[in-house]
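Coordinate analysis (summary)
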Amino acid sequence: GEVSATPEPNESEYLSPVSIGGQTLNLDFDTGSADLWVFSTSLSSSSIGQHAAFDPSKSSTWEDYPGASWQIMYGDGSGASGTVGFDVVEIGGATASRQAVEIATKVSSSFVSDENNDGLLGLGFSKINTIEPQPQKTFFESILPKLDQPVFTADLEDDAAGTYEFGRIDTTKYTGTLHVTPVDSSNGFWEFASTAYSIGGTTYQNSGASTAIADTGTSLLLVDDNVAQAFYAQVQGSQLSRTAGGYVYPCSAQVPDFGVQIGSSGFIATIPGSDITFAEVGQGTCFGGVQGNGGGGIQIFGDVLLKQYFAVFNGGNESFGIAAK
Ligand SMILES: O=C(CCCl)NNC1=[NH+]CCN1
């Protein structure tokens, strides 16, 4: 069968209602990680705040995983940890009957303050699942055998709701060619080659990082530091601000279109300059949606890019595709 879950976009994330043991929580679907974890009643009430908290004792289908634990740290330095069990997880009609569910007993401050999400649902590859003593499957891997097509799609919008669908590719959701590239999942990510970029319509070859991951859990577009530097060299008044944590520029500045290659096929996915500003940081200064990856070997293509396109994640032949919409 196929399913759809409509994530409610909050400025930096896309949340979808997920039913776990009959309890509904809003989870942040994250193709850049592979743990399904939830706020739980084991957290302190000050950590829970306005979040929905999963209570295993109230689920008739909950099964403990004695002695198991998990601990995760994300690229932005946020993190969480806790214990593990299994339960029935249902998203928009697709059900994983015995899905590993990670109970948070500790969460970092950014998750406490982000009252929109009650946890994360990892859609990366389970080789990076953090459960000890044995990594467990993601929700997508659990339902894969039951799907008509071994795929899920992400159609993220800016201010309107986006949609994740499992098991089908809704061809009415995009126009023109679906540009598909093979994925190398050996690092646990939807990772592909990306060795070129464009600024204002002119294409250049990357000097540094030569791969990128499609990551719905990252808000920004994190490219090789040399590429970010080359881009902001063309934004009048831009500067790398340590206090802001990246490149800022006058909100009145003219921002050129920016594109990044998806796979070695040559397709350059472009973001209009007018969609590149991520936030105002005060005094007429704006923070850019394109930033450097801090020297890591992998570029991280997050929501700033993904929301411009319709994205297809194929777990059958391990490929990633995007199309205009
Ligand atoms: O952690 C990463 C980067 C992997 Cl290289 N993405 N996923 C995520 N989830 C919450 C913040 N970031």
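In every chain, residue numbers begin from 1 and rise along the written sequence. This being a predicted model, a pLDDT of at least 70 is required before a residue's local features are given, and a value of 80 or more before pairs of side-chain atoms are given or counted; all residues contribute to the totals for chains, interfaces and linings. Based on all heavy atoms of the structure, the side-chain values leave hydrogens and waters out of the count.

This part is about the site of the ligand. Any residue with a non-hydrogen atom lying within 4 Å of a molecule or strand is treated as near it. Close contacts around the ligand come from D30, G32, Y74, G75, D76, L120, F189, I213, D215, G217, T218 and I300, and that covers them all. Note that a nitrogen atom of the ligand is positioned 2.8 Å from one of the side-chain N or O atoms of D30. Here a nitrogen atom of the ligand and a side-chain polar atom of D215 are 2.7 Å apart. Here the ligand has 350 Å² of accessible area as a free molecule, and 87% of this is covered by the chains. For the shell around the ligand, a count of residues per class yields 5 nonpolar, 4 polar and 3 charged. Polar contact is the term for a pair of N or O atoms within 3.5 Å; when the atoms are in protein, one must be able to donate a hydrogen and the other to accept it, and sequence-neighboring residues count only if both atoms are side-chain atoms. Per-residue accessibility takes into account occlusion by the displayed protein chains alone, with areas from the Shrake-Rupley method and a 1.4 Å probe. Residue polarity follows a fixed list, in which Ala, Val, Leu, Ile, Met, Phe, Trp, Tyr, Cys and Pro are nonpolar, Asp, Glu, Lys and Arg are charged, and the others, Gly among them, are polar.

A cis geometry characterises the amide bond from E132 onward to P133, with omega recorded as 5°. Where helices and strands are cited, they refer to DSSP runs of H or I of at least four residues and of E of at least two residues respectively, numbered from the N terminus. Tracing the chain through its elements places P133 in the loop between β9 (119-122) and α3 (139-143). The backbone phi angle of Q283 is positive, close to 55°, even though this residue is not glycine. Position of Q283 among the secondary structure elements: in the loop between β22 (277-282) and β23 (285-288). Partly exposed describes any residue whose relative accessible area lies between the buried limit of under 20% and the exposed limit of over 50%, with all areas from a 1.4 Å probe on protein chains only and scaled to the type maximum. We classify Q283 as exposed; its relative accessible area is 79%. Phi at E318 takes a positive value of approximately 50°, unusual for a residue other than glycine. Structurally, E318 can be placed in the loop between β26 (310-314) and β27 (319-324).

Moving on to the sheet that holds strand β17 (residues 221-223). For sheets, the rule is that strands pair by backbone hydrogen bonds, running either parallel or antiparallel. Sheet architecture is open: 5 strands sit in the order β13-β16-β25-β17-β24, paired in mixed fashion. Looking at strand neighbours, the two that pair on one side only are β13 (191-193) and β24 (290-292), the edges of this open sheet. Here the strands of the sheet are splayed against their neighbours by 30° on average, with no regard to which way each runs. Pairing between strands is defined by DSSP: at least two bridges between the two strands are required. As judged from the 3 bridges shared by β13 and strand β16 (residues 211-214), these two strands associate in the antiparallel manner. Opposite A193, over in β16, you have T211 as the bridge partner. Throughout, a contact is declared for two residues whenever any of their heavy atoms are within 4.5 Å. Axes, fitted as lines to C-alpha atoms, cover a helix only where it is in contact. Angles between the N-to-C directions of the axes lie from 0 to 180 degrees. Seen against the sheet, helix α4 (residues 225-232) touches β17 and β24 and runs at an angle of roughly 135° to β24.

Another aspect to go through is the pattern of salt bridges. Basic side-chain nitrogens of Lys or Arg form a salt bridge, by our definition, when they fall within 4 Å of a carboxyl oxygen of Asp or Glu. Scanning all chains against the criterion turns up 6 salt bridges. Taking the shortest distance from any N to any O, the salt bridge between D55 and K58 comes out at 2.9 Å. Where E157 meets K325, a salt bridge forms, and the shortest distance between an N and an O atom there is 3.4 Å. One end of the pair, E157, is in the loop between β10 (151-155) and β11 (163-166); the other, K325, is in the segment after β27, and 168 residues separate them in sequence. Residue classification places K325 among the partly exposed positions, given a relative accessible area of 36%.

Below, the discussion takes up the packing of aromatic side chains. We describe a pair of aromatic rings using the distance from one ring centre to the other and the angle between the two ring planes. In summary, the pairing rule links any two rings of Phe, Tyr or Trp, Trp by its six-membered ring, whose centres are within 6.5 Å, and it sorts them by plane angle into stacked for under 30 degrees, edge-to-face for over 60 and tilted for everything else. Under the counting rule described, the total for this entry stands at 26 aromatic pairs. Taking 5.7 Å as the distance between ring centres and 35° as the angle between the ring planes, the aromatic pair formed by F152 and F166 counts as tilted. A residue pair is termed long-range when its members are at least 10 positions apart, and F152 in strand β10 and F166 in strand β11 qualify at 14 residues. Using a relative accessible area of 0% as the deciding quantity, one classes F152 as buried. Feature note: the residues F29, F125, F139, F140, F152, Y164, F166, W190, F192, F301, F313 and F320 constitute an aromatic cluster, connected by ring pairs.

Looking at the chain as a whole, the pLDDT averages 94, with 94% of positions reaching at least 70. Ignoring residues within four places in sequence, the model shows residues 7-12, a span with pLDDT below 50, making 24 contacts including any to other chains. On the interface metric, ipTM, the complex scores 0.98, and its pTM is 0.95. Looking at any residue, its pLDDT shows the predictor's confidence there, from 0 to 100.

A word on the state of the cysteines. A pair of cysteine sulfur atoms is labelled a disulfide when the two atoms are within 2.5 Å. Using the criterion set out here, one finds 1 disulfide in the structure. A disulfide bridge connects C251 with C286, and the sulfur atoms are separated by 2.0 Å. A torsion of 105° about the S-S bond marks the disulfide between C251 and C286 as right-handed. Taken together, the residues C251 in the loop between β19 (246-250) and β20 (258-261) and C286 in strand β23 connect sequence positions 35 residues apart.

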